[in-house]
Amino acid sequence: MINILITYVIQIVLFHYYISHFLHSFRKTGYIYFFYIVGLFIVVSMNLFMGIQISSIFMYVLNIVYVIIFFKESILNKILYVGSFLVIASVSEMLTVDTLMIFLDNKLLIDPLSNYYLMGMIVSSIIEFFFLYIFIKFMKFKDIVQVPKYFWMIFLLPFFTIILIKSISGFALISKVNQIESLAISIGLLIANIGILYIFSITLENFDAKNKMEIALQKEKLATLNYELLIKQNDSHYRVLHDTRNQLSTIMTLAHDGEYKKLKLYTYNLYRNITKTLTYTLTGVPLLNLLLDNMLNDINYKDINIKTQFENKDFDFMDIYDQMILFKNILLLAMNNSLMCKEEERFIIIKSFKLNNQIHIIVHMSINLKLEYMDIVLMIEKITDKYLGSYTLDLNNINTCKLILSFPYNN
Amino acid sequence: MNVLIVDDNTIDANRLYKLLYDFFYSNHIEYKVQIVNNVNDIKLDNEYDLIFLDIEINNSNGICVAKELRKFNKNTRIIIVSNYEKYSLEGYKVQANRYFLKPVNPAEFNAEMSDVLKQYILQNKYFMDNKLCNHKIYYRDILYIEILQRHSYIYLSNDDPIISLYPLKYWIEVFKDAYFAQSHKSFIVNLQNVSSFNSNEINLINNKKVPLSRKYKESFLKQYQLFLDVLV
């Protein structure tokens, strides 16, 4: 009787140790004690009247009921953790029985009244604790690193190893093979399983390290971009002040010389140019504004007419780095193609709007007979695919081309 | 094509007139242009196909003028022409089809006007078939066509369906360049009358729903994108 009680208490402690690492109880500890004391009486009674096998099964049933009543998690999570505990407990027991049977009498070992039974249970519990500890560490590790979707497959080998041995021998391999073979198979399977888990964890670590490195590289790129933009901004401020001084100087000279007609024309052109520049560099999309500002020299000096019309300014569904790549490539594609046309034919129109649960970007640009720079189109396509968007090129005209991008959008 | 230019600046109005002349001439389109420098001179009951509207006309607000014009000319294409970019988005309030910033760039003008012209043609396209009915059927009025038991049903926005014996292939050929898209093995939808769609259904402007099958989804989306291209 005492052997059963000790086994029961050890199993409760181990189960509680294991499950509390993953699930959170929402009831008071008093209820848990009460539940287990009642359970204890039932297990002992069942052991007396129905035998050790039924009471052992009931003990596991009790654990399942315990988890269902006392923990607030999804049923799937509960099944996953109780199931994994049962697998580990079974493996430990099987391993202990197979090993001890090499040295001890078979009958003594499975007799609940013998001291060998108690010894077997204690050894089994120590091995079980060891496996539980490794499993807990492994699962915590899984939370730290980003794991692929096929992570669950790693548990297939241990699980089917148990099923295999169980189906061959009913846990006692020694009944089918000799002592040395039994020990060799048990230890071999144990090492193979641990080895696989170890290799898998290393692979995961590498996978995670690669992801972290990519993120770090992206951050570095953004930091570099930010630095470059600050330098350009500084240059731009200097250029504005320099140009303003020169323009004021011209105005003062014209006014001083009484050249009022020239002065009128000069100020009118100045006003037109500033209005035009303000128009396309204030799209309402900060990143695009920066990119346009960055290309200001090219746009103005190469006489490209740009029009932006952003009814939709919300591109938060993309990360900032991808937004930058997308808009930069759109501008590069349009500018490079426009530059191949005559000066008076160069134009770029960029529009964005929301319609029918989609965000659309339409880029209308001048081309010289056919669209060039298809490598840039591929970069745009790559970003579009990443955000489950679709793209179409309208190439029905030899002088102009349209690139239409649509991204799914949820309100 | 009946065109109205509303601009208090004669130089800008004439410049626009020259651009229009070049555009219509190269596209072989007959047109009539009326230039108005004062909003009081606009004849609201005149039917215009195209209106170019400055936003700041003397002391009047072009957006208010556009709203009035819209009341009488629901299908008119209104194009905002302004010195200020800030008005480009204001244009949406009156369903303006395009906006141009002064001085209007000829290349941009021609590119945008090509789309406006496509819209105009689309809006006025029709077919007549005495086997079906004895009047014109405007494309814009067709919601969708459904094939059912070897008959095709042409659903119109304001009438009972017209039933014919023509197969689906025939209709696909008829509406080839008119922004109709096949959404299902038995359905062709007029993209002009689509109000929204999701992964498996298309909602039309009269709240009717048409299926969007997986097989035709990609081609439907491509067609829809090309239609947007004309729309905006």
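Notes on the structure in this doc start here. (Residues numbered from 1 in each chain as written. Chains lettered and ligands numbered in written order. Predicted model: local features only at pLDDT ≥ 70, side-chain atom pairs only at ≥ 80, totals over all residues. Heavy atoms only, no water.)

**Concerning the overall build of chain A**
For chain A, the helix and strand inventory stands at 13 helices and five strands. Expressed as a percentage of its 411 residues, the buried residues of chain A come to 41%. Pairs at least 24 apart in sequence give 70% of the contacts found in chain A among residues at least 6 apart. In the form shown here, chain A has an accessible surface area of approximately 23,400 Å², with 66% of it arising from carbon and sulfur atoms. (Helix = DSSP H or I, 4+ residues; strand = E, 2+ residues; numbered from the N terminus. Buried < 20%, exposed > 50% of the residue type's maximum accessible area, 1.4 Å probe, protein only. Contact = heavy atoms within 4.5 Å. Areas by Shrake-Rupley, 256 points an atom, 1.4 Å probe, with all protein chains shown as cover.)

**Quick word on the sheet that holds strand β16 (residues 201-204) of chain B**
Residues and elements named next belong to chain B. Sheet architecture is open: three strands sit in the order β15-β16-β17, paired in antiparallel fashion. Both edges of this open sheet fall to β15 (194-197) and β17 (209-211), since each of them pairs with a single strand only. Looking at each pair of strands side by side, their axes are set apart by 30° on average, direction ignored. Sheet analysis places β16 next to β17, joined by three bridges and oriented antiparallel. Among the inter-strand pairings, Asn 203 is bridged to a residue of β17, identified as Lys 209. (Pairing = 2+ DSSP bridges. Axes fitted to C-alpha atoms, helices over the stretch in contact; angles between N-to-C directions.)

**Quick look at the pairing of strand β3 (residues 50-54) of chain B**
Among the five residues in β3(B), five count as buried, and that is most of the element. Of the two faces of β3(B), both are covered, the one formed by B:Leu50, B:Phe52 and B:Asp54 as well as the one formed by B:Ile51 and B:Leu53.

**Topic: the sheet that holds strand β1 (residues 2-6) of chain B**
Residues and elements named next belong to chain B. Strand order in the open sheet made by the five strands is β2-β1-β3-β6-β7, with parallel pairing throughout. The two strands at the open ends of the sheet, each matched to only one other strand, are β2 (32-36) and β7 (98-101). Ignoring strand direction, the axes of neighbouring strands in this sheet form an average angle of 15°. Judged from the four bridges that link them, strand β6 (residues 77-82) and β7 form a sheet pairing that is parallel. Across the sheet, the residue bridging to Val 81 is Phe 100, located in β7. Against the sheet, helix α1 (residues 10-26) makes contact with β1, β2, β3 and β6, and its axis sits at roughly 155° relative to β1, the strand it touches most.

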